[in-house]
Amino acid sequence: MAEAYFPVGPGLGMEENFLSLDDILMSQEKLPGRAESALPRLAVLMGQGAGSDNFWLLSFLQGSKLEIPLWLAKGLHDSKRRIISVELPKIFREAWRTVFSADANVVDLHKMGPYYYGFGSQLLNFENPENPEIAQTILQTFIARFRRIMDSSQNAYNEDTSALVARLDELERALFQVGQKGLNDFQCWEKGQASQITASSLVQNYGKRKLAEVDG
Amino acid sequence: MEPAEVEFLAEKELVTIVPNFSLDRIHLIGGDLGPFNPGLPVEVPVWLAINLKQRQKCRLIPPEWMDVGKLEEIRDQERKEDTFTPMPSPYYMELTKLLLNYASDNIPRADEIRTLVKDTWDTRMAKLRLSADSFVRQQEAHAKLDNLTLMEINTTGTFLTQALDHMYKLRTNLQPGESSHSQDFW
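Given the structure is predicted, the values throughout are model-derived calculations rather than measurements.

Asks: An account of the packing of helix H1 (residues 3-10) of chain B against helix H6 (residues 150-172) of chain B is requested, with residue identities and associated values reported.
Replies: Residue and element names in this part refer to chain B. In the contact formed by H1 and H6, the axes pass within 10 Å of each other and the chain directions differ by 170 degrees. In terms of orientation, H1 lies roughly antiparallel with respect to H6. Where H1 crosses over H6, the two elements pack in a sense that is right-handed. For the pair H1 and H6, contact is made by Pro3, Val6 and Leu9 and by Leu150, Met151 and Asn154, respectively. Of the residues belonging to the contact of H1 with H6, the class tally is five nonpolar, one polar and no charged.

Structure follows, in structure tokens:
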């Protein structure tokens, strides 16, 4: 059952994988921050003040609050040339960290930003005194939720799994898929379907006309 | 590895048959087989046994562990112990499936045997998951599990190795390490 397309996985850690679609989507998530120096006429980049001539509407003053996507924040972040400064998003702050350490299983990680682990790892790039705690929280959350993912993915055969995956973030969903695949392969083998010849998924969509239709 | 590949490896195991034809010793690359005399039991690999059975040229004799009493003992012992008990054959799951599918008429009480083997499999998989969970929870560096069969490892292996990969990457985040990521363009 060879796949036709091998996707590049997310580079979970302080570096992203350049070619990974998951990482690209993840870096689009926004961080709260503020402009440290005045940014004349650059408000259009953030989607504000378009189509107006007023200089003050088109620029950001020093200290104004911004919502910056991660890729922009990483590029503009420099401790020497203070252009912007970033703050931690809500879910990585103290209050939510205690929720995660109390019981990580009840949190709906999909709602909290579907890329919790990736985004959290990227946040460690910005110098921040709370970084060790953030890293520790992310690791502990993963460990706490591991059991439930393993059990649900290895036991749900031929069922609708949307209720099970609804609260998982993207990384956990990929793991769930892998677990399901292991289970499905085993069941398929046990039923004897592994030795049956089936049409490859690559050609099933070609929709060739059958021979009987071509004649006459 | 796919289950079909594990089954392929399992087919090398030897099983006893009683042929109803006669043939001199055959010399194969893997070794010699035979000679075959009608009515006399001979040991052959499972792939040959299944093939002969499908052509109705032999009768299969179930291995001595494939018996309801013995399997009940194994199942009960598996449920009692916390660690994995040694299995009568490293390929018990595959052999059960093959022999029961192709030669169930030669094996007495085939349905009960199937149920017992399935119960044992379920118990072992539950133990494997429990041990994987405690491994991850305590972030151990390595673990040793005896008496696991290849099919069990294969079913949970991919999931476990991927999860451990992720955990490793998240753990290296804890050490700030080199901070030479920034590149100055000016």
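There is more to say, and it comes next.
Asks: Give a description of the packing of aromatic side chains that names residues and reports values.
Replies: All names here are of chain A. Throughout the structure, instances matching the rule amount to ten aromatic pairs over all chains. An angle of 45 degrees between the planes, with centres 6.3 Å apart, marks the rings of phenylalanine 92 and phenylalanine 119 as tilted. Placement of the pair is phenylalanine 92 in the loop between strand S3 (84-86) and helix H4 (94-102) and phenylalanine 119 in helix H5 (residues 116-123), with a sequence separation of 27 residues. Each member of the pair, phenylalanine 92 as well as phenylalanine 119, carries the same accessibility label: buried. Centroid distance tryptophan 96 to phenylalanine 100: 6.2 Å. Interplanar angle 45 degrees. Geometry classified as tilted. Pair noted here: tryptophan 96 and phenylalanine 100 are both in helix H4, with a separation of four residues, about one helical turn. For tryptophan 96, a relative accessible area of 26% gives the class partly exposed. Note on phenylalanine 100: relative accessible area 4%, which makes it buried. An aromatic cluster is built from Phe92, Trp96, Phe100, Tyr116, Tyr117, Phe119 and Phe142, whose rings are joined through pairwise contacts.

Asks: Describe the sheet that holds strand S5 (residues 58-61) of chain B, with residues and values.
Replies: All names here are of chain B. As summarised here, the arrangement of the three strands in space is S4-S1-S5, forming an open sheet in which the pairing is antiparallel. Only two strands of the sheet have a single neighbouring strand rather than two, namely strand S4 (42-45) and S5. Sheet twist, expressed as the mean angle between neighbouring strand axes with direction ignored, is 45 degrees. By the bridge criterion, four bridges tie strand S1 (residues 14-19) to S5 in an arrangement that is antiparallel.

Asks: So what's going on with the UniProt feature "domain: GINS subunit" (unreviewed entry) in chain A? Residues and values would help.
Replies: Under the UniProt annotation, "domain: GINS subunit" (unreviewed entry) lies at residues 96-189 of chain A. Along residues 96-189 of chain A the backbone is 68% helical and 0% strand, and the end-to-end C-alpha distance reaches 44 Å.

Asks: Please give an account of the pairing of strand S1 (residues 30-35) of chain A that cites residues and values.
Replies: All names here are of chain A. As paired strands, S1 and strand S2 (residues 65-69) are joined by five bridges and run antiparallel to one another. Looking at the pairing, arginine 34 lines up with lysine 65 of S2. Pairing geometry for S1 and S3, over three bridges, is antiparallel. By the bridge assignment for S3, arginine 34 is matched with serine 85.

Asks: Which residues make up the pattern of salt bridges, and what values go with them?
Replies: Considering all chains together, one arrives at 21 salt bridges over all chains under this definition. A:Arg173 is the salt-bridge partner of A:Glu170, the closest N and O atoms lying 3.9 Å from each other. Residue A:Glu170 and its partner A:Arg173 are located together in helix H8 (residues 170-191), separated by three residues, close to a single helical turn. What makes A:Glu170 partly exposed here is its relative accessible area of 25%. Residue classification places A:Arg173 among the partly exposed residues on the basis of a relative accessible area of 23%. The partner of B:Arg75 in a salt bridge is B:Asp76, and the shortest N-O contact between them spans 3.7 Å. Since its relative accessible area comes to 16%, B:Arg75 is described here as buried. A single salt-bridge network, built from bridges that share partners, covers A:Arg147, A:Asp151, B:Asp133 and B:Arg137.

Asks: Kindly report on the interface of chain A and chain B, identifying the contributing residues and their values.
Replies: Between chain A and chain B, the residue contacts involve 40 residues of the former and 35 residues of the latter. Counting the surface lost from both chain A and chain B, the interface buries some 3500 Å², and carbon and sulfur atoms represent 68% of this. Area buried by chain A at its contact with chain B is led by A:Phe146, A:Phe186 and A:Trp189, which between them contribute 20% of it. The closest approach of N and O atoms between B:Asp133 and A:Arg147, which form a salt bridge, is 3.4 Å. The tally of links from chain A across to chain B stands at three residue pairs in polar contact (both at pLDDT 80 or more).

Definitions and limits used
Residues numbered from 1 in each chain as written. Chains lettered and ligands numbered in written order. Predicted model: local features only at pLDDT ≥ 70, side-chain atom pairs only at ≥ 80, totals over all residues. Heavy atoms only, no water. Axes fitted to C-alpha atoms, helices over the stretch in contact; angles between N-to-C directions. Helix = DSSP H or I, 4+ residues; strand = E, 2+ residues; numbered from the N terminus. Parallel < 35°, antiparallel > 145°, perpendicular 65-115°, else oblique. Left-handed = near helix turned anticlockwise from the far one by under 90°. Contact = heavy atoms within 4.5 Å. Nonpolar A, V, L, I, M, F, W, Y, C, P; charged D, E, K, R; others polar. Phe/Tyr/Trp six-rings, centres within 6.5 Å; stacked < 30°, edge-to-face > 60°. Buried < 20%, exposed > 50% of the residue type's maximum accessible area, 1.4 Å probe, protein only. Pairing = 2+ DSSP bridges. UniProt positions renumbered as here; feature names shortened; annotations may be inferred. Salt bridge = Lys/Arg side-chain N within 4 Å of Asp/Glu carboxyl O. Buried area = accessible area lost by both parts, 1.4 Å probe. Polar contact = N/O pair within 3.5 Å; in protein donor to acceptor, adjacent residues only side chain to side chain.

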